[in-house]
Structure formats: structure tokens, C-alpha cells
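Next come the chains, spelled out residue by residue.
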Amino acid sequence: GSGAVPDARKDRHRLWGYVLGLPGAVTSIDGIRVRADVRLGDVTGTSNLCAQLSWNAGTTWTTMQTLAVTTTTETTVTFGGTADAWGRAWSLAELGATTFRVRLIDASTSASKRFDLDYVAVSVSYTP
């Protein structure tokens, strides 16, 4: 991919091993929130950070969510939310440490853009 358009072929990071601590009596997953602390090396051009989730160890991914990143100061961006299930119904097994994955993709109109990623966290909202 080229430019600030999100594309799974761009610089990407896959994160997994999340132990979400969900109780076995969960009846539905209401939302998943991904928090990332990020900053840019410079603010020239247009820059985006994109996120996707996988429920099968990275074989299949949700639709990409995209947020603009506009600062050289570390800032927190949040994808999803307490009522955003990323377009699908999740099971507890799909949120396991070996099956659930987060993919973050950076995209910029500047070919030499530096993204600094400091922290990524996941929280799940559910109905018991």
C-alpha cells in the first residue's frame, strides 16, 4: 500500500497472549476496546494508525478501524468501545490467549515516517 490509506501490507504489528480474565458465565461480548499509546517522529503529511482483531490466531481479521495520529507528543488513541463488537459476535474461546490477536498498522503519506508505539491494552465489556 502507499500513502495514508490503510492497507494490511503496510508496517504492522501483531500482538497476542492477552489473558483477559473473563468469567466462564459470560453470555455475550458487548464490546472490545483497544488502547494504544503512540506518537510520531514528525507531523509532516497525513498519518493514521489502524487496528484489526482476529479470533482465530490471525487467519481472519475484522474490518479495519482507522484513527488519525497528529502529534509528536505521546498520546492515547482508542479503537472500538464498550458497545463496539467490531462487527461480529464473539465467543469466550475466541478471546483466548492463543486465538485472540490485535493487529496495528501504521500508514502515512511520508515514506520515512517514524511511529513510536509504547503501550497496547485490550479491555472487554460483557454481559454476565
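To keep things clear, this report deals only with the structure shown in the data block. (Residues numbered from 1 in each chain as written. Predicted model: local features only at pLDDT ≥ 70, side-chain atom pairs only at ≥ 80, totals over all residues. Heavy atoms only, no water.)

Another aspect to go through is the pattern of salt bridges. In the structure shown here, the tally under the stated rule is five salt bridges. Ionic pairing is found between D37 and R35, a salt bridge with its closest N-O pair at 2.9 Å. When its relative accessible area of 6% is taken as the criterion, D37 is described as buried. Overall, the relative accessible area of 33% leaves R35 in the partly exposed class. (Salt bridge = Lys/Arg side-chain N within 4 Å of Asp/Glu carboxyl O. Buried < 20%, exposed > 50% of the residue type's maximum accessible area, 1.4 Å probe, protein only.)

What follows concerns the sheet that holds strand β1 (residues 12-16). Sheet architecture is open: four strands sit in the order β1-β6-β3-β4, paired in antiparallel fashion. In the strand order of this sheet, the two ends are held by β1 and β4 (65-68), each with one partner. Geometrically, the sheet is characterised by an average inter-axis angle of 20° between neighbouring strands, direction not taken into account. As paired elements, strand β3 (residues 47-54) and β4 share four bridges and run antiparallel to each other. Directly across from N48, in β4, lies its bridge partner A68. (Pairing = 2+ DSSP bridges. Helix = DSSP H or I, 4+ residues; strand = E, 2+ residues; numbered from the N terminus. Axes fitted to C-alpha atoms, helices over the stretch in contact; angles between N-to-C directions.)

Time to look at the packing of aromatic side chains. Taken as a whole and judged by the stated rule, the model has three aromatic pairs. Geometrically, the ring pair formed by Y18 and F100 is edge-to-face, given 6.3 Å between the ring centres and 70° between the ring planes. You can see Y18 sitting in the loop between β1 and β2 (28-40) and its partner F100 sitting in the loop between β5 (75-80) and β6 (101-108), a full 82 residues away along the chain. For the residue pair Y18 and F100, the accessibility class agrees, reading buried in each case. A ring pair is formed by W55 and W90, whose centres lie 6.0 Å apart and whose planes are at 85°; its orientation type is edge-to-face. (Phe/Tyr/Trp six-rings, centres within 6.5 Å; stacked < 30°, edge-to-face > 60°.)

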